[in-house]
Amino acid sequence: MKLTPPKFKNLSDMAAIDVGQLKENQARKILENIRWKDGITCPHCESKDVTKLKSDKKKKTRDGVIQCNHCRKQFTVTTGTVMHSSHITLRQWVQAFYSVCTHKKGVSALQLQRNLGLGSYRSAWYLSHRIRLAMREFVVPGLLKGTVEVDETYIGGRPSKRQALTEDKETRKSKRGRGTDKAPVMVLVERNGRSVSRPVKNVTGETLKSAIRETVDKKSVIMTDEWKSYRGIEKDFEGGHKVVNHGEGIYAVGIVNTNTAESYFAILKRGVHGTFHHVSKKHLFRYCDEFSFKWNHRRVNDGARVVRAIEGMEGKRMRYR
Ligand SMILES: [Zn+2]
């Protein structure tokens, strides 16, 4: 029998205070409605022929268990998502998603632990990384179009871009100590549109240009500063390559500027330095995912952004040792 999840208020219309008072069964309805808009679907075999089981302490049937009548397997709303096999309640999941998606600068694991009353810092930390995984948007080739600004920066206390540019980046790179947490991050951002950001292993032409080719549509215009690694990229794009010369103190020549990329980095740095204090190289990409997601969904209201993030939970599993 085809089943639609029981209706509850739309999360996108709910205020923070209502989200804070959710009961477990209400949170379940919210998650089921977001995950299964077209009816409950078995995550094992995709059949819609399912039956909800009644929770039964004697038979050890937990709340929310659904039986697939096709493959006979059981599942819940968390099966096969970032929420899979976690000890966090559904109410806490919804509240955590809400909190992470509505704070522009991000929420630290410590804040989450306090706000949700979680037992340990460790579970708050896993929870926030799982939410970032849900926010991860996979890049399709040619995704970014039109005028695309490209820039790189260092996260973790590197000298400012301006200082760095007065010296040779290659020399600076070789000076970087081993074991430091400073890492180059690249952003590609459409004027008034979407963004993609990620840590890169270095800032050589090979690395930066291949990232541009992978992400940006061939008809686009590429805008960068004068960093030499970008030279020659015009060959690959019909719109060519426009360069703004920061080294000479020029930050914008009419429409040729990288102001959008710079405001992206300003927000990312404020988050990483202000909220998270210490971000290891290993996990930096997760913060990039979070900030790109927020940037890409900045024009929708808070609740709608939370729903988008929860929609991203499907098919993503996080495993730790
Ligand atoms: Zn099935």
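### Focus on the overall build of the chain
Argument step 1. Helix and strand counts for the chain stand at 11 helices and 10 strands.
Argument step 2. Counting the 321 residues in the chain, one finds 36% classified as buried.

### Some remarks on the sheet that holds strand β4 (residues 147-155)
Argument step 1. Strands sit in the order β6-β5-β4-β7-β8 across an open sheet of 5 strands; the sheet is mixed. Edge positions in the sheet fall to β6 (195-199) and β8 (241-244), since each has one partner strand and no second. Across the sheet, the axes of successive neighbouring strands diverge by a mean angle of 20 degrees, strand direction being ignored.
Argument step 2. Sheet topology places strand β7 (residues 221-225) next to β8; 4 bridges connect them, and they run parallel. Looking at the pairing, Met 223 lines up with Lys 242 of β8.
Argument step 3. Helix α9 (residues 259-275) contacts β4, β5 (183-190) and β6 of the sheet and is inclined by roughly 35 degrees relative to β4.
Argument step 4. On top of the sheet, helix α10 (residues 284-296) reaches β4, β5 and β6; it is set at about 170 degrees to β6, its chief contact.

### Description of the sheet that holds strand β2 (residues 66-68)
The strands that make up a sheet pair up through hydrogen bonds in the backbone, lying either parallel or antiparallel.
Argument step 1. Spatially, β1-β2-β3 is the arrangement adopted by the 3 strands of the open sheet, whose pairing is antiparallel. Pairing within the sheet leaves two strands with one partner each, and these edge strands are β1 (50-52) and β3 (74-75).
Argument step 2. As paired strands, β2 and β3 are joined by 2 bridges and run antiparallel to one another. Bridge pairing links Ile 66 to Phe 75 in β3.

### Considerations on the confidence of the model for the chain
Argument step 1. Overall, the prediction assigns the chain a mean pLDDT of 87, with 89% of residues at 70 or greater.
Argument step 2. Note that pLDDT drops below 50 for residues 157-179; the model gives that stretch 16 contacts with residues more than four away or on any other chain.

### Here we look at the environment of Arg 130
Argument step 1. Along the chain, Arg 130 turns up in helix α5 (residues 121-135).
Argument step 2. It is 9.9 Å that separates the C-alpha atoms of Arg 130 and His 84, two residues lying 46 residues apart in sequence.
Argument step 3. The contacts of Arg 130, once residues within four sequence positions are left out, are Val 82 and Met 318.

### Points about unusual backbone geometry
Argument step 1. Even without a glycine there, the phi angle at Arg 72 is positive, about 70 degrees.
Argument step 2. Its place among the elements puts Arg 72 in the loop between β2 and β3.
Argument step 3. Under the C-beta neighbour-count criterion, Arg 72 is labelled exposed, with 10 such atoms within 10 Å.
Argument step 4. With a phi angle near 60 degrees, Asn 192 is a residue other than glycine that sits in the positive phi range.
Argument step 5. With respect to the helices and strands, Asn 192 occurs in the loop between β5 and β6.

### Describing the packing of α5 against α10
How two helices pack is summed up by the angle between their axes together with the distance between the axes.
Argument step 1. Axis separation between α5 and α10 bottoms out at 8 Å; the angle between their running directions is 55 degrees. Regarding the angle of α5 to α10, the classification is oblique. As α5 packs across α10, the resulting crossing turns out to be left-handed. Where α5 abuts α10, its residues His 129, Arg 132 and Met 135 lie against Arg 286, Asp 289, Glu 290 and Phe 293.

### Some words on helix α3 (residues 90-102)
Argument step 1. Given a rise of 1.5 Å per residue, 13 residues ought to cover 18 Å, and the 18 Å separating the end C-alpha atoms of α3 matches this to within 8%.
Argument step 2. Along α3, 12 of the 13 residues are buried, which leaves the element largely enclosed by surrounding structure.
Argument step 3. Looking only at α3, the buried set comprises Leu 90, Arg 91, Gln 92, Trp 93, Val 94, Gln 95, Ala 96, Phe 97, Tyr 98, Ser 99, Val 100 and Cys 101.
Argument step 4. Here the buried face of α3 lies against α1 (16-20), α2 (24-35), α4 (109-116), α5 and α11 (302-311).

### Details of the nonpolar core
Argument step 1. Core analysis: the biggest nonpolar cluster contains 34 residues, and Val 94, Phe 97, Ala 309 and Ile 310 have the highest contact counts within it.
Argument step 2. Listed by contribution, the elements that provide at least two residues to this core are α2, α3, α4, α5 and α11.
Argument step 3. Broken down by element, this core gets its largest block of residues, 8 residues, from α3.
Argument step 4. Other than its neighbours up to four places away in sequence, Ile 310 contacts Leu 31, Ile 34, Phe 97 and Ala 134.
Argument step 5. One finds Tyr 154, Leu 188, Trp 227 and Leu 268 within the second-largest nonpolar core, a separate group that totals 33 residues.

### Digging into the packing of α3 against α11
Argument step 1. For the pair α3 and α11, interaxial distance at closest approach is 9 Å and the crossing angle is 120 degrees. The angle between the axes of α3 and α11 places the two elements in the oblique class. Where α3 crosses over α11, the handedness of that crossing is right-handed. Here Phe 97, Tyr 98, Cys 101 and Thr 102 of α3 lie close against α11, whose contacting residues are Asp 302, Arg 305, Val 306, Ala 309 and Ile 310.

Parameters and conventions
- Residues numbered from 1 in each chain as written.
- Predicted model: local features only at pLDDT ≥ 70, side-chain atom pairs only at ≥ 80, totals over all residues.
- Helix = DSSP H or I, 4+ residues; strand = E, 2+ residues; numbered from the N terminus.
- Buried ≥ 20, exposed ≤ 12 C-beta atoms within 10 Å, placed from the backbone.
- Pairing = 2+ DSSP bridges.
- Axes fitted to C-alpha atoms, helices over the stretch in contact; angles between N-to-C directions.
- Contact = placed C-beta atoms within 7 Å.
- pLDDT = per-residue confidence, 0-100.
- Parallel < 35°, antiparallel > 145°, perpendicular 65-115°, else oblique.
- Left-handed = near helix turned anticlockwise from the far one by under 90°.
- Expected span 1.5 Å × (residues − 1).
- Core = buried A, V, L, I, M, F, W, Y, C linked by C-beta atoms within 7 Å.

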